[in-house]
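Structure assessment
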Amino acid sequence: MRFPRTLLKRNRTEIRISLYATKSQVFIRFKPEIQWTPGEDIPRYDQIRTENQSCNWDLLSIPIWVRFDDSKNYKDDYAVVGIFLAHLLKKESNEGNYFWKIEHKPLDNNYSHCDLSIDGSQIPKSVKRQMKLELKHSQVIHFKPYEKPDFLYSLKERFFLKFRKIQYYFNKSN
């Protein structure tokens, strides 16, 4: 797969993730064998970092683009999972005031890059574990390890990407 020029930063700045964005998703990639056990239907959520977990925002990316690394190499063996922002931003731990936060942090070769972290300091391991497990309830599996997109997939997703951008900027101006 060719690297999409849309992912290049090209002097664009960060976008503040607003409440409107809660209708969208972030995409996380999972390495086969290590982060996704063969034969399992879902990834190993203990492998998600609670600080600076890298992901792509669906306002600026399609799911399959999260398979590109910082060097523009396409990792076709990685799994791709979407997590709804509405679920992330509303989740609070039973053990205190800990929330997921997401920040748009563009990279030179990935303008859609975001960091996902649990907001708070000195977070107990039990809270981290609980909050990671809660991600399973809002996941959308786009691709399992080694799964390939069909021919029309990229065309369809690019159409929806343009639609999401138009909708975002329309809502932002109102």
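The structure under discussion appears in the preceding block.
This report concerns the structure included in the present document. (Residues numbered from 1 in each chain as written. Predicted model: local features only at pLDDT ≥ 70, side-chain atom pairs only at ≥ 80, totals over all residues. Heavy atoms only, no water.)

A look at the layout of surface pockets
Estimated volume of the largest pocket: approximately 330 Å³. Lining the largest pocket are 22 residues, with Arg29, Gln53, Ser54, Cys55 and Val66 positioned closest to its centre. For the lining of the largest pocket, the elements supplying multiple residues, two or more each, are strand E1 (25-30) and strand E2 (53-57). Top contributing element to the lining of the largest pocket by residue count: E2, with 4 residues. (1 Å grid on protein atoms, 1.4 Å probe; cavity = no way out; pocket = protein on both sides within 12 Å on 5 of 7 lines; lining within 4 Å. Points joined across faces, edges and corners; volume = space filled by probe spheres on them. Helix = DSSP H or I, 4+ residues; strand = E, 2+ residues; numbered from the N terminus.)

Some details on the state of the cysteines
In the structure shown here, the tally under the stated rule is 0 disulfides. Looking at Cys55, it has no disulfide partner, and the nearest cysteine sulfur is the one in Cys114, 5.1 Å off. Take Cys55: its relative accessible area is 0%, and that puts it in the buried class. (Disulfide = S-S within 2.5 Å. Buried < 20%, exposed > 50% of the residue type's maximum accessible area, 1.4 Å probe, protein only.)

Describing the side chain of Asn110
In this fold, Asn110 is placed in the loop between strand E4 (99-104) and strand E5 (113-119). In terms of polar contacts, Asn110 uses its side chain to reach the side chain of Asn56, at 2.9 Å. Ignoring sequence-local partners within four residues, the contact set of Asn110 consists of Leu7 and Asn56. (Polar contact = N/O pair within 3.5 Å; in protein donor to acceptor, adjacent residues only side chain to side chain. Contact = heavy atoms within 4.5 Å.)

These figures capture arrangement, not role.
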